[in-house]
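# Structure assessment
Chain by chain, the residues:
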Amino acid sequence: MGRVGVLLLNLGGPEQPSDVRPFLYNLFSDPEIIRLPFSWLQKPLAWVIATSRAKRSQENYKEIGGGSPLRRITEEQAHALAENLRAKGNDAQVYIGMRYWHPFTEEAVDRIKADDISDLVILPLYPQFSISTSGSSFRLLEDLWTQDEALKQINYTVIPSWYDRPGYVQAMAHLLAQELDQCENPHEAVIFFSAHGVPVSYVEEAGDPYQQEIEGCVDAILKTLQRPNDHVLAYQSRVGPVEWLQPYTEDMLQELGNQGVKEIVVVPISFISEHIETLQEIDIEYREVAEEAGIQNFRRVPALNTNPEFIDDLANMVIEARQQTPIHFSEVMRPQNNVKLYPQERWEWGLTNAAERWNGRLAMIGFLALMLELFSGHGPLHSLGLL
Ligand SMILES: C=CC1=C(C)c2cc3[nH]c(cc4nc(cc5[nH]c(cc1n2)c(C)c5CCC(=O)O)C(CCC(=O)O)=C4C)c(C)c3C=C
Ligand SMILES: [Fe+2]
Ligand SMILES: [Fe+2]
């Protein structure tokens, strides 16, 4: 019997203000986040957006101490998972592979090779699958595997998503019940599920199961919770000019305020760790929106982090995955070519035979316009709120 490894996948986050710009550059360089019809434009556009967005993003990170706690929390989760597996008689080395910041997925894979791991369970720390999160990490791993004979010797299996696992759902329902019990009116507070959004085209054109898994997760938590409270589901953290899943969290807060709702409990449904979207966006920005809308009592369910019930379920997931038929990268959902954050259709970019000749020139003019907008601070992308 060889050595067993568990690879935890997550997004990663900047640890200090100077990390923010390169972190954003890595994120926007990912074709699973923005896919352009010309691949050569990907990196220059990523550079422009990252450079322009860095200041605003740094301000947000400053509000939570200057950086993301995601690495620290993920390391604590990895440690707790290894301990739990050991206690169950399953020794395993646990690795962390972040998509856009340290410790990078590539570093984790190098360590897996150096440690001579023979059996590997790949576990994304996102309960619901999205092309933009787990899908992006799986694609990167698949590329690494394709290029490396040593990796092909490893017996690996992937856990695509786990939004409906009874242990995870139970842990979420417990945390939610605890928060509801602290409300002034525990049976009247509205339960507000806030999920990270994705562009509508991911779901409707590329077939991303994300929305379906979010809705399935909400249903499972409510069934386990067994409380009479009203609930809503909305989507947060929109970026860029295209339509994202609706309703948007800020609009739903306004609507509840208009209806006279006075107390809500927000459940960050797509996150299992505290990070900028919970600590800054929900706790600071959305709290303000809610208060202005007349919602007097705003509470939030804490992220699971190292919640023992949750860690126990992660360990069970790993053990069960090793007993089942392996799932390989080729079997998990892959995005179609038309995933987009920007318009993809050839006609939308003027890609007809007649126009093809002009294409490169126009793209270059567009790129120069982007540069100008970046340095002047004015232009169409600023008015769309992208820069
Ligand atoms: C399940 C969660 C997530 C989905 C789905 C997702 C999609 C997605 N995100 C962006 C753009 C940004 N995301 C950023 C930070 C960020 N995103 C997630 C999770 C999901 N993203 C997390 C956990 C974090 C925070 C990491 C941390 O610092 O703790 C950022 C950077 C922050 C900011 O400037 O707002 C951007 C930008 C897109 C475009 C997208 C889907 C296409
Ligand atoms: Fe994100
Ligand atoms: Fe955000």
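Residues numbered from 1 in each chain as written. Chains lettered and ligands numbered in written order. Predicted model: local features only at pLDDT ≥ 70, side-chain atom pairs only at ≥ 80, totals over all residues. Heavy atoms only, no water.

## A closer look at the overall build of the chain
- Across its full length, the chain holds 14 helices and eight strands.
- Counting over 387 residues, the chain shows a buried share of 55%.
- Pairs at least 24 apart in sequence give 80% of the contacts found in the chain among residues at least 6 apart.
- Here the chain has roughly 17,300 Å² of accessible surface; of this, 50% comes from carbon and sulfur atoms. (Helix = DSSP H or I, 4+ residues; strand = E, 2+ residues; numbered from the N terminus. Buried < 20%, exposed > 50% of the residue type's maximum accessible area, 1.4 Å probe, protein only. Contact = heavy atoms within 4.5 Å. Areas by Shrake-Rupley, 256 points an atom, 1.4 Å probe, with all protein chains shown as cover.)

## Quick word on the coordination of the iron ion (ligand 3)
- At the metal site, the iron ion (ligand 3) is ligated by E277 (OE) and E281 (OE), and these contacts range over 2.7 to 2.8 Å. Remark: E281 and E277 occur in helix α11 (residues 276–292); sequence separation between them is four residues, near one turn of the helix. (Donors = N, O, S within 2.8 Å, 3.2 Å for Na, K, Ca; no water.)

## Quick word on the state of the cysteines
- By the definition in use, this model includes zero disulfides.
- No disulfide involves C217; its nearest neighbouring cysteine sulfur is the one of C183, lying 20 Å away.
- Given the relative accessible area of 0%, C217 is considered buried. (Disulfide = S-S within 2.5 Å.)

## Here's the deal with the side chain of N84
- Within the secondary structure layout, N84 lies in helix α3 (residues 70–87).
- Setting aside anything within four residues of it in sequence, one finds N84 in contact with I311, D312 and A315.

## Re helix α9 (residues 210–225)
- A rise of 1.5 Å per residue sets the reference length of α9, with its 16 residues, at 22 Å; its end C-alpha atoms lie 22 Å apart and thus fit the reference within 8%.
- Within the sequence span of α9, burial applies to Y210, E213, I214, C217, V218, A220, I221, L222 and L225.
- Along its buried surface, α9 packs onto α7 (166–181), β5 (190–196) and β6 (231–236).
- Just downstream of α9, Q226 is the residue with a positive phi angle, here 55°. (Expected span 1.5 Å × (residues − 1).)

## Brief notes about the site of ligand 1
- R53, S57, Y61, S68 and H275 are the nearest of the 27 residues found near ligand 1.
- Here Y61 contributes a side-chain N or O atom positioned 2.3 Å from an oxygen atom of ligand 1.
- Within the side chain of S68, a nitrogen or oxygen atom sits 2.6 Å from an oxygen atom of ligand 1.
- Relative to its unbound accessible surface of 810 Å², ligand 1 loses 96% to contact with the protein.
- Only α1 (20–28), α2 (42–62) and α11 provide two or more residues apiece to the shell around ligand 1.
- For the shell around ligand 1, the element with the highest residue contribution is α1, accounting for four residues.
- Across the shell around ligand 1, the residue classes tally to 16 nonpolar, nine polar and two charged. (Near = heavy atom within 4 Å. Polar contact = N/O pair within 3.5 Å; in protein donor to acceptor, adjacent residues only side chain to side chain. Nonpolar A, V, L, I, M, F, W, Y, C, P; charged D, E, K, R; others polar.)

## Thoughts on the UniProt feature "binding site: Fe(2+)" (unreviewed entry) in the chain
- Per the UniProt record, "binding site: Fe(2+)" (unreviewed entry) is annotated on H196 and E277. Spatial clustering of the annotated residues is evident: they stretch over 82 residues in sequence, but the largest pairwise C-alpha distance comes to 8.3 Å.
- Here H196 is to be found in strand β5.
- Beyond its immediate stretch of four places on either side in the chain, H196 contacts Y210, Y235, Q236, S237, W244, S270, F271 and E277. (UniProt positions renumbered as here; feature names shortened; annotations may be inferred.)

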